[in-house]
Amino acid sequence: MATLATRLILLAAAVGATLTAHARIPVPVATAPASPEASQPAETSFASFGFDALIGDYRWLQAVQLVGNERANVVSAAPAIQRLIETVVAVDPYVDHPYRFASLWLTNDIDQVRAGNRILERGIAYHPNEWRNRFYLSFNHFFYLGDMEAAARELEPAVNLPGAPRYLGNLLARLRSQTDGLEAGAAYLSELLRETEDPRKQAELGKAMDEIETERRARLLDQARDVYRKREGRDIEKVEDLATGDAAILSELPAEVHGWEWVLDPETGRIESSYYGRRYRLNLQESDRARIEEWTGRDPVAKDEESTQ
């Protein structure tokens, strides 16, 4: 009987502490025009009476409700989402999905993106073998901040982590090609090919190497085209003009890697492979490019465009 009574007393105390902790946490309202408040992580830890995991779960549910409510305004709710997730990862840093959840919803301005990056960096510190946090951080640097160098730097450690998809090596090479040049991207892929024994990954890396080699040959054609323009005072009408007739610059065109043709893009006039139908670059929509320029003052692809004219 004494044992039963002791258990009942402890249970009542635990329930009372939980209710008290919940009572001290303000509940955000998704439809309120002002951003709901959430207590700071240190205050929440004090209010939790040691029930950190419980408080973390409660904050996590609040954040999910802010997004999932059919009347929710995720733009105005973003500051509250930030504070809630910061609390979640502070009291329970070994959670998983909340780190990436924050980066998905903190995208309305440059300060939110940077806050999401800080949360992801905390996730990397506590989950060093989780490739997805590094991938999301790399994506934020690329897509929202237009910083190719940072995107490549953050992605590189993810390539060989457990569970990382095969295409990460290809993506990293593309990022490198816009920061350190094609040769650096090719060198990195060559090293990956040397180290990997997975036939599927080798095939993916081989495709990436083919793209880089195609771009290298296309840039040789660009150089020949510049010579043609200066010497003849006019542009070529087709790529073959570079290697035919009295005005030929080249004795022959470099072979297209897949045996296809070199053509002029009808819209941009750029020389490209008919196999790929594009030049080797990471593409951004004009609206995304304009946003990056507004936020950072950086044109994320100007250098790349100059190199492929």
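This one's a predicted model, so the numbers in the text were calculated from it and none came from an experiment. (Residues numbered from 1 in each chain as written. Predicted model: local features only at pLDDT ≥ 70, side-chain atom pairs only at ≥ 80, totals over all residues. Heavy atoms only, no water.)

**What about the overall build of the chain?**
Where we set the bar: In DSSP terms, a helix is any run of H or I states spanning at least four residues, a strand is any run of E spanning at least two, and both are numbered starting from the N terminus. Note on classification: 1.4 Å probe, protein chains only; a residue is buried when its accessible area is under 20% of the maximum for its type, exposed when over 50%, partly exposed between these limits. Should any heavy atoms of two residues lie within 4.5 Å, those residues are counted as being in contact. Note on areas: these come from Shrake-Rupley sampling with a 1.4 Å probe, and a residue is covered only by the protein chains present in the view.
Regarding its fold elements, the chain presents 13 helices and two strands. Put simply, the chain has 309 residues, and 44% of those count as buried. Long-range contacts, defined here as pairs at least 24 residues apart, represent 59% of the contacts in the chain between residues at least 6 apart. Carbon and sulfur atoms form 53% of the exposed surface of the chain, whose accessible area is close to 16200 Å².

**Section: the packing of helix α7 (residues 131–144) against helix α8 (residues 148–155)**
For the record, the criterion: In this analysis, axes come from line fits to C-alpha atoms, helices being fitted only over the stretch in contact, and the angle between any two N-to-C directions falls in the range 0 to 180 degrees. What sets the label is the angle itself: under 35 degrees gives roughly parallel, over 145 gives roughly antiparallel, 65 to 115 gives roughly perpendicular, and the rest give oblique. Residues are grouped as follows: nonpolar covers Ala, Val, Leu, Ile, Met, Phe, Trp, Tyr, Cys and Pro; charged covers Asp, Glu, Lys and Arg; every other residue, Gly included, is treated as polar.
At a minimum axis separation of 7 Å, α7 and α8 run at an interaxial angle of 175°. One finds that α7 runs roughly antiparallel with respect to α8. In this structure, α7 contributes Arg-134, Phe-135, Leu-137, Ser-138, His-141 and Phe-142 to the contact, and α8 contributes Met-148, Ala-150, Ala-151, Glu-154 and Leu-155. Here the residues of the contact of α7 with α8 sort into seven nonpolar, two polar and two charged.

**Comments concerning the packing of aromatic side chains**
For clarity, the cut-off: In this scheme Phe, Tyr and Trp rings, the latter by its six-membered ring, pair at centre separations within 6.5 Å, and the angle between planes marks the pair as stacked below 30 degrees, edge-to-face above 60, and tilted otherwise. Should the NZ of a Lys or the CZ of an Arg lie within 6 Å of a ring centre and within 35 degrees of the ring normal, that charge is described as sitting over the ring.
Within this structure, the stated rule accounts for eleven aromatic pairs. Aromatic pair Phe-139 and Phe-143: ring centres 5.1 Å apart, planes at 10°, arrangement stacked. Of this pair, Phe-139 and Phe-143 both sit in helix α7, four residues apart, roughly one helical turn. Residue class for Phe-139 comes out partly exposed when judged on its relative accessible area of 35%. By way of ring pairs, the aromatic residues Trp-131, Phe-135, Tyr-136 and Tyr-167 are connected into one cluster. Directly above the ring of Phe-143 sits Arg-291, whose terminal nitrogen or CZ lies 4.9 Å from the centroid.

**Points about the pattern of salt bridges**
Cut-off, in case you're wondering: A pair is scored as a salt bridge if a Lys or Arg side-chain nitrogen falls within 4 Å of a carboxyl oxygen belonging to Asp or Glu.
Enumeration over the complete set of coordinates arrives at 21 salt bridges. Across the pair Asp-235 and Arg-229 runs a salt bridge, and its minimum N-O distance is 3.3 Å. For Asp-235, a relative accessible area of 31% translates into the label partly exposed. What you see here is one network of salt bridges that share partners, running through Asp-96, Arg-100, Glu-130 and Arg-132.

**With respect to the environment of Glu-204**
Its location among the elements puts Glu-204 in helix α11 (residues 199–232). By relative accessible area, Glu-204 is classed as partly exposed at 22%. The sequence separation of Glu-204 and Tyr-167 amounts to 37 residues, and the corresponding C-alpha distance is 6.7 Å.

**Some words on the nonpolar core**
Going by this rule: In this description, a nonpolar core means a group of buried Ala, Val, Leu, Ile, Met, Phe, Trp, Tyr and Cys residues linked to one another through side-chain atoms lying within 4.5 Å.
Residues Leu-168, Leu-175, Leu-189 and Ile-212 are the most contacted members of the largest nonpolar core, which totals 29 residues. Elements that contribute at least two residues to this core include exactly α6 (110–126), α7, α8, α9 (167–177), α10 (182–195) and α11. It is α10 that contributes the most residues to this core, five residues altogether. Each residue touching Ile-212, except ones within four places of it in the same chain, is listed here: Ala-173, Leu-182, Gly-185, Ala-186, Leu-189 and Tyr-280. Among the nonpolar cores identified, the runner-up in size contains 20 residues, and Val-67, Ala-78, Val-88 and Leu-137 belong to it.

**Focus: the packing of α6 against α7**
Helix-helix packing: each pair is described by the crossing angle between the helix axes and the interaxial distance. Applicable threshold: Helix crossings fall into two classes, left-handed where the near helix is turned counterclockwise from the far one by less than a right angle and right-handed where it is turned clockwise.
The interhelical angle for the contact between α6 and α7, taken along N-to-C directions, is 160°, at an axis separation of 9 Å. The orientation of α6 relative to α7 falls into the category roughly antiparallel. Here α6 runs over α7; the crossing is left-handed. Listed contacts from α7 to Val-113, Asn-117, Leu-120, Glu-121, Gly-123 and Ile-124 of α6 are Asn-133, Arg-134, Tyr-136, Leu-137, Asn-140, His-141 and Tyr-144. Looking at the contact of α6 with α7, its residues break down into six nonpolar, five polar and two charged.

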